[in-house]
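# Examination of the molecular architecture
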Amino acid sequence: MPLPTIPDYSTCIKTPALVHPSVLKDGHPIEKGVRLIKYSGGFCVVFPYQTPSKKYAVRCWHAEVSDAKRRTQVIADALKRSNLPYFVGFDFFEEGIMTPLGMQPIVVMDWVDAQSIKKFLAEHITESNVINDIAENFKRMVVDLHTNHFSHGDLQHGNIMVKPDLSLVLVDYDSMYVPELNGMPDEIKGLVGYQHEARWKNKLVSEKADYFSELVIYLSLKALAKMPSLWNDLNMEDTETLLFSGEDIQSKGSSNIFRLLKTDSELAPLVDKLCEFMDKSTIEDLTPLEDAVVSKSESIASKWKSGNGHIATAKKGEVDDSGKIAGKWEKGNGYVKTNKEDERKKFSSSISEKFKKPQ
């Protein structure tokens, strides 16, 4: 069944009589000058909507998602039961908005006062401690999702929001997996640069759908904290990825960005794990982030727990040398800021000479 277009929704939402939920009464979509503000995705368009008492996000489907009503209600119920702080409140309204194609359902979500993670990084790219805090908050968040057997299904920069206190909030739940949706089709695959190659052929929603993108995002954050010049070198602010392009993922670890990251002793194990992930033929063979980031030293230490006669010790003030390597990649490293996404290729070529095999 055809659905209204984004222009259809943009026209109708400006007429209060066509917007039916009582929670939106006396409200209006937010405009900037004469331009209606909206955020378009592959399946939905989102309109910021102001009422006399509260700001909301109104989501309208412009592409078909099978059994959208049931999915949305099941997800809403599961998130409310979990009481996790990473989700905003939302309600499904079957009688949502009248359009040229008849009455259409909408989702009304609480508006979150936060920045997308990419916008946040752009403003704090030289603050390594802050970026490391975001990385650890991200890790803590996904562990909580795993504990509840949830996956977001489309973890990427546009769906991860950073609040002023550095806590994280997820938005856009159409792709989510909760246990009650087991067996439903996996229709919303996410963005290239965040997803395992096997995801494009995956048939059913899965608790493991996030495992690859979790590692991609965590590694990207840890790398940016150590090598902030990569933000400009890869022109990341103007791309639809973080550290890795779709071509990088397809290379299965052979592109130059992987070689560069391996020069850092702390990042190298994460790069190795990502390469191991890329060699898997199905997302069902992947492991969650909290298992993937266990270092070799932690793995060895786990074998010498109490009762084996050995005591783990550490010298006071002992530190690793990872910071020394990061210093080589600070500003002034010879790279020039670029303004085109395909400048990634120039960057890749510029570092390739550093990693040639001896003749």
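Our focus in this paragraph is the overall build of the protein. In terms of regular secondary structure, the protein is built from 13 helices and eleven strands. With 359 residues in all, the protein has 48% of them scored as buried. Considering only intrachain contacts with a sequence separation of at least 6, the fraction spanning at least 24 residues in the protein is 66%. With an accessible surface of roughly 18200 Å², the protein has 52% of that area assigned to carbon and sulfur atoms.

Take the state of the cysteines next. Summed over all chains, the structure comprises zero disulfides. Left unpaired, Cys-12 is separated from the closest cysteine sulfur, that of Cys-60, by 9.3 Å.

Counting 90 residues, the largest nonpolar core has Phe-138, Tyr-173, Phe-244 and Leu-261 as its most contacted members. No other element matches the eleven residues that helix α5 (residues 211-226) contributes to this core. Counting residues in each nonpolar core, the second largest holds 16 residues, with Leu-36, Tyr-56, Val-58 and Val-108 among its members.

Take the packing of aromatic side chains next. Under the counting rule described, the total for this entry stands at five aromatic pairs. Seen from their ring centres, Phe-90 and Tyr-173 are 5.4 Å apart, and the 50° between their planes marks the pair as tilted. Residue Phe-90 is found in strand β7 (residues 90-99), and its partner Tyr-173 is found in the loop between β11 (168-170) and α5; the two are separated by 83 residues along the sequence. Taking the centre distance of 5.1 Å and the plane angle of 20° together, the rings of Phe-244 and Phe-258 count as stacked. Of the two residues, Phe-244 sits in the loop between α6 (230-233) and α7 (246-250) while Phe-258 sits in helix α8 (residues 256-261), which places them 14 residues apart along the sequence. Judged by its relative accessible area of 0%, Phe-244 is buried. Judged by relative accessible area, Phe-258 falls into the buried class, the value being 0%. Clustering of aromatic rings is evident, with ring pairs tying together Phe-87, Phe-90, Phe-150 and Tyr-173.

So, on to the pairing of β7. Sheet analysis places β7 next to strand β8 (residues 102-110), joined by seven bridges and oriented antiparallel. When the sheet's bridge partners are listed, Met-98 is paired in β8 with Met-103. Hairpin connection from β7 to β8: two residues lie between these consecutive antiparallel strands.

Our focus in this paragraph is the packing of helix α3 (residues 117-124) against helix α4 (residues 128-147). Packing of α3 against α4 leaves a shortest axis separation of 10 Å and a crossing angle of 160°. Overall, the two elements α3 and α4 adopt an arrangement that is roughly antiparallel. Here the hand of the crossing between α3 and α4 comes out left-handed. Judged by residue contacts, Ile-117, Phe-120, Leu-121 and His-124 of α3 engage Val-130, Ile-131 and Ile-134 from α4. Classifying every residue of the contact of α3 with α4 gives six nonpolar, one polar and no charged.

Attention now moves to the pairing of strand β5 (residues 44-50). Most of β5 sits inside the fold, with six of its seven residues counted as buried. Pairing of strand β1 (residues 28-29) with β5 involves two bridges; the strand directions are antiparallel. From the neighbouring strand, His-28 faces β5, where its bridge partner is Gln-50. By the bridge criterion, two bridges tie strand β4 (residues 39-40) to β5 in an arrangement that is antiparallel. Counterpart to Tyr-39 in the pairing with β5 is Val-46. Linking two consecutive strands that pair antiparallel, namely β4 and β5, is a turn of three residues. Relative to strand β6 (residues 55-61), β5 runs antiparallel, the two being bridged by seven bridges.

Another aspect to go through is the environment of Cys-60. Tracing the chain through its elements places Cys-60 in strand β6. Taking the C-alpha atoms as reference points, Cys-60 and Pro-105, 45 residues apart in sequence, are found 7.1 Å from one another. With residues up to four places along the chain from it excluded, the contact list for Cys-60 reads Tyr-9, Phe-43, Cys-44, Val-45, Phe-47 and Ile-106.

Another point: unusual backbone geometry. Among all residues except glycine, the phi angle is most often negative; among peptide bonds, the trans geometry is most common. With a phi close to 65°, Asp-172 is a non-glycine residue in the positive phi region. Its identity as a non-glycine residue notwithstanding, Asn-235 has a phi of 50°, on the positive side. Among the secondary structure elements, Asn-235 is positioned in the loop between α6 and α7.

Two elements in contact, α5 and helix α9 (residues 268-278), have axes whose closest approach is 10 Å; the angle formed by their N-to-C orientations is 155°. Classified by the interaxial angle, the pair formed by α5 and α9 is roughly antiparallel. For the element pair α5 and α9, the recorded crossing hand is left-handed. The residues of α9 that touch α5, namely those facing Tyr-211, Phe-212, Leu-215, Val-216, Tyr-218, Leu-219 and Lys-222, are Leu-270, Val-271, Lys-273, Leu-274, Phe-277 and Met-278.

Calculation notes
Residues numbered from 1 in each chain as written. Predicted model: local features only at pLDDT ≥ 70, side-chain atom pairs only at ≥ 80, totals over all residues. Heavy atoms only, no water. Helix = DSSP H or I, 4+ residues; strand = E, 2+ residues; numbered from the N terminus. Buried < 20%, exposed > 50% of the residue type's maximum accessible area, 1.4 Å probe, protein only. Contact = heavy atoms within 4.5 Å. Areas by Shrake-Rupley, 256 points an atom, 1.4 Å probe, with all protein chains shown as cover. Disulfide = S-S within 2.5 Å. Core = buried A, V, L, I, M, F, W, Y, C linked by side-chain atoms within 4.5 Å. Phe/Tyr/Trp six-rings, centres within 6.5 Å; stacked < 30°, edge-to-face > 60°. Pairing = 2+ DSSP bridges. Axes fitted to C-alpha atoms, helices over the stretch in contact; angles between N-to-C directions. Parallel < 35°, antiparallel > 145°, perpendicular 65-115°, else oblique. Left-handed = near helix turned anticlockwise from the far one by under 90°. Nonpolar A, V, L, I, M, F, W, Y, C, P; charged D, E, K, R; others polar.

Note that all results are geometric; they support no functional claim without further evidence.
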